[in-house]
Amino acid sequence: MNKKKILFLVPSFRLGGSENFIITLVSSLDKSKFDISILLINTKDSRIIKFPDHIDLIDLGSSRVRYSMFKILNYVYSKKPHILFSTVSHLNLYVSILKYFLPKGVKVIARETNTISNRYMDQPYPIIFKILYKIFYNNIDIFVAQSRHMAKDLEKFNVVGSKIKIIYNPVDVEKIKTMSMEPCIDFEKEGLRLLSVGSLVNQKGHDILLKALAKVNVDFHLIILGEGYLRGELIMLSEALGISDRVQFLGQIENPYRYMENANFLILSSRYEGLPNVVLEAHVCGLPVISFNSPGGASEIITDNENGVLVSELSPSSLALAVNRASLNDFCGKNISSKVNERFAVEKIIPIYENIF
């Protein structure tokens, strides 16, 4: 049987949900059916990943996605893959334009990582990005949306609904559980142990989180894992709010699962999301999640008062009330973990991907 050649286009292997998804996907695909190559655009700040021997990793050595278009085209023409798989919104947009120049017969699959209606508003020139998405995005042959909300959002950008496949993210349950057993001594012994995992950027809403925690009526200790351009502002905000002695910024951590294992709650304060991997990973560890019901797929994972708390209004006051309410709830970690395994484990999700290939 001839193997199907799949070329995965990846910006980098920095710490992040999209990067972890690609690592899980390519490592889990049936090697007897697929010839797998990864075209890595930029190794700057990338982790060193040990892939199985059958996976071919090629480094383009470009500093930015927009400088790599000719290199991508050259490689596609030389490798002649059956499928070009792209993930991350800005890279998908470039590929949708590049589609005009690809060899005939190359099927382009793009996995969308965010709610585009919200994401393009965070770009330097949002109107230009909106126009580009509407003109070019439907060039993609198949879109993978991580949630029902994202699927509906894609149709706003002239993407034909029949091209959109809803596939939830897979989680490597055994890997997460193993890593969660590593020691974690950073949390204070007293008070509610709260955890936030995500880049320190506007999307993730850490400013809302800090303002909310200044209003709660329970003692707490918050650990924030992640880096970003807002780090300095957020540290100053925690000081101005008088909670800096109860908030720790630990930067990017390769193993966030040991913190999840020792926290009482994960808090997701994002203004918008795709399908937040961090919620799935927290649930594997039996950790309930307090989250805004913001655009994205959080509401497709979290059942209120069962595996977390959904907050309907995007405000510090509403989030503070939710933290107070959640602290009185007795969540069952075993039930939380077992349910995420049933829906999102690798062995459930990978066959769905193999079918669209």
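Residues numbered from 1 in each chain as written. Predicted model: local features only at pLDDT ≥ 70, side-chain atom pairs only at ≥ 80, totals over all residues. Heavy atoms only, no water.

J.: Give me the lowdown on the overall build of the chain, citing residues and values where you can.
T.: Counting secondary structure elements, the chain contains 14 helices and 13 strands. Over its C-alpha atoms, taken along the principal directions, the chain stretches across nearly 60 × 45 × 35 Å. Counting across all 357 residues of the chain, residues that qualify as buried make up 54%. Counting only contacts in the chain whose residues sit at least 6 apart along the sequence, the fraction spanning at least 24 positions is 70%. For the chain, the exposed surface amounts to about 16,000 Å²; the carbon and sulfur share of it is 51%. Placing the 42 positive and 36 negative side-chain charges of the chain at their respective mean positions leaves the two points 8 Å apart. (Helix = DSSP H or I, 4+ residues; strand = E, 2+ residues; numbered from the N terminus. Buried < 20%, exposed > 50% of the residue type's maximum accessible area, 1.4 Å probe, protein only. Contact = heavy atoms within 4.5 Å. Areas by Shrake-Rupley, 256 points an atom, 1.4 Å probe, with all protein chains shown as cover. Lys, Arg positive; Asp, Glu negative; His and termini not counted. Charge placed at Lys NZ, Arg CZ, Asp CG, Glu CD.)

J.: Describe the pattern of salt bridges, and please don't skip the residues or the numbers.
T.: Applying the stated criterion to the full structure yields eight salt bridges. When the shortest N-O distance is used, the salt bridge between K204 and E273 registers 2.7 Å. You can see K204 sitting in the loop between β8 (192-197) and α8 (206-213) and its partner E273 sitting in the loop between β11 (265-268) and α11 (277-284), a full 69 residues away along the chain. Notably, a salt bridge pairs D207 with R271, separated by 2.8 Å at the nearest N-O pair. With D207 in helix α8 and R271 in the loop between β11 and α11, this residue pair connects regions lying 64 residues apart in the sequence. (Salt bridge = Lys/Arg side-chain N within 4 Å of Asp/Glu carboxyl O.)

J.: Which residues make up the side chain of E281, and what values go with them?
T.: Looking at the secondary structure, you find E281 in helix α11. One buried charge, E281, has no salt-bridge partner; the nearest side chain with opposite charge is K175, at 8.0 Å.

J.: Describe the pairing of strand β5 (residues 107-111), naming the residues involved and giving the relevant values.
T.: In regular strands, side chains alternate between the two faces of the sheet. Taking burial as the measure, the five residues of β5 include four buried ones, the bulk of the element. Where strand β4 (residues 83-87) meets β5, five bridges bridge the pair, whose relative direction is parallel. Following the sheet pairing, S86 is matched in β5 by A110. Two elements, β5 and strand β6 (residues 142-145), share three bridges in a ladder whose sense is parallel. Within β6, the position partnered with A110 by the bridge is F143. (Pairing = 2+ DSSP bridges.)

J.: Please set out the sheet that holds strand β2 (residues 34-40) residue by residue, giving values where relevant.
T.: Strand order across the open sheet formed by seven strands is β3-β2-β1-β4-β5-β6-β7, with parallel pairing between neighbours. In this open sheet, the two strands that pair with only one neighbour each are β3 (56-59) and β7 (164-166). Direction aside, neighbouring strands of the sheet carry axes that sit 20° apart on average. For strand β1 (residues 4-10) and β2, the ladder comprises seven bridges, and the chain directions are parallel. Of the residues in β2, the one forming a bridge with L9 is L39. Across the sheet, helix α3 (residues 89-98) lies against β1, β4 and β5, angled at about 145° from β4, the strand it touches most. (Axes fitted to C-alpha atoms, helices over the stretch in contact; angles between N-to-C directions.)

J.: Please provide a residue-by-residue account of the packing of α11 against helix α13 (residues 333-344), values included.
T.: Two elements in contact, α11 and α13, have axes whose closest approach is 7 Å; the angle formed by their N-to-C orientations is 125°. In terms of axis orientation, α11 runs oblique to α13. Each of L280, H283 and V284 in α11 lies in contact with α13, whose residues at this interface are I336, S337, V340, N341 and F344. When grouped by side-chain class, the residues that make up the contact of α11 with α13 number five nonpolar, three polar and no charged. (Parallel < 35°, antiparallel > 145°, perpendicular 65-115°, else oblique. Nonpolar A, V, L, I, M, F, W, Y, C, P; charged D, E, K, R; others polar.)

J.: So what's going on with the nonpolar core? Which residues, and what values?
T.: Of all hydrophobic cores here, the largest spans 58 residues; its most connected members are F8, F85, L195, Y353 and F357. With residues up to four places along the chain from it excluded, the contact list for F357 reads K4, I6, F8, L29, F34, I83, F85, K107 and I109. Formed by 34 residues, the second largest nonpolar core is a distinct cluster that contains L93, Y120, L154 and V159. (Core = buried A, V, L, I, M, F, W, Y, C linked by side-chain atoms within 4.5 Å.)

J.: How would you sum up the environment of N169? Please name residues and give values.
T.: Counting through the fold element by element, N169 comes out in the loop between β7 and α7 (173-180). On a C-alpha basis, the gap between N169 and R343 in space is 9.7 Å, while along the polypeptide they are 174 residues apart. The contact partners of N169, leaving out residues within four places of it in the chain, are F21, R111, Q146, L275, N277, L280, F344 and I349. Looking at N169, its side chain comes within polar contact range of the main-chain oxygen of L275, at 3.3 Å. (Polar contact = N/O pair within 3.5 Å; in protein donor to acceptor, adjacent residues only side chain to side chain.)

J.: Quick rundown of the packing of aromatic side chains? Include the residues and the values.
T.: For any two aromatic rings, the description comes down to two numbers: the centre-to-centre distance and the angle of the planes. Overall, the coordinates contain 14 aromatic pairs when judged by the stated rule. Relative to F357, the ring of F34 lies with its centre 5.9 Å away and its plane at 80°, an arrangement referred to as edge-to-face. Taken together, the residues F34 in strand β2 and F357 in the segment after α14 (346-356) connect sequence positions 323 residues apart. By relative accessible area, F34 is classed as buried at 6%. With relative accessibility at 4%, the residue F357 sits in the buried group. The ring of F21 carries the charged tip of R111 above its face, separated from the ring centre by 3.6 Å. (Phe/Tyr/Trp six-rings, centres within 6.5 Å; stacked < 30°, edge-to-face > 60°. Lys NZ or Arg CZ within 6 Å of the ring centre and 35° of its normal.)

J.: Tell me about the sheet that holds β11, and name the residues and values.
T.: In space, the six strands of this open sheet follow the order β10-β9-β8-β11-β12-β13, with parallel pairing throughout. Bordering the open sheet on either side are β10 (247-251) and β13 (308-311), each of which pairs with just one other strand. For this sheet, the mean angle separating the axes of adjacent strands, direction not counted, is 20°. For strand β9 (residues 220-225) and β10, the ladder comprises four bridges, and the chain directions are parallel. Residue I223 lies in a different strand from β10, and its bridge partner there is Q248. Where helix α12 (residues 316-326) meets the sheet, its contacts fall on β8, β11, β12 (289-292) and β13, and the angle it forms with β13 comes to roughly 160°.

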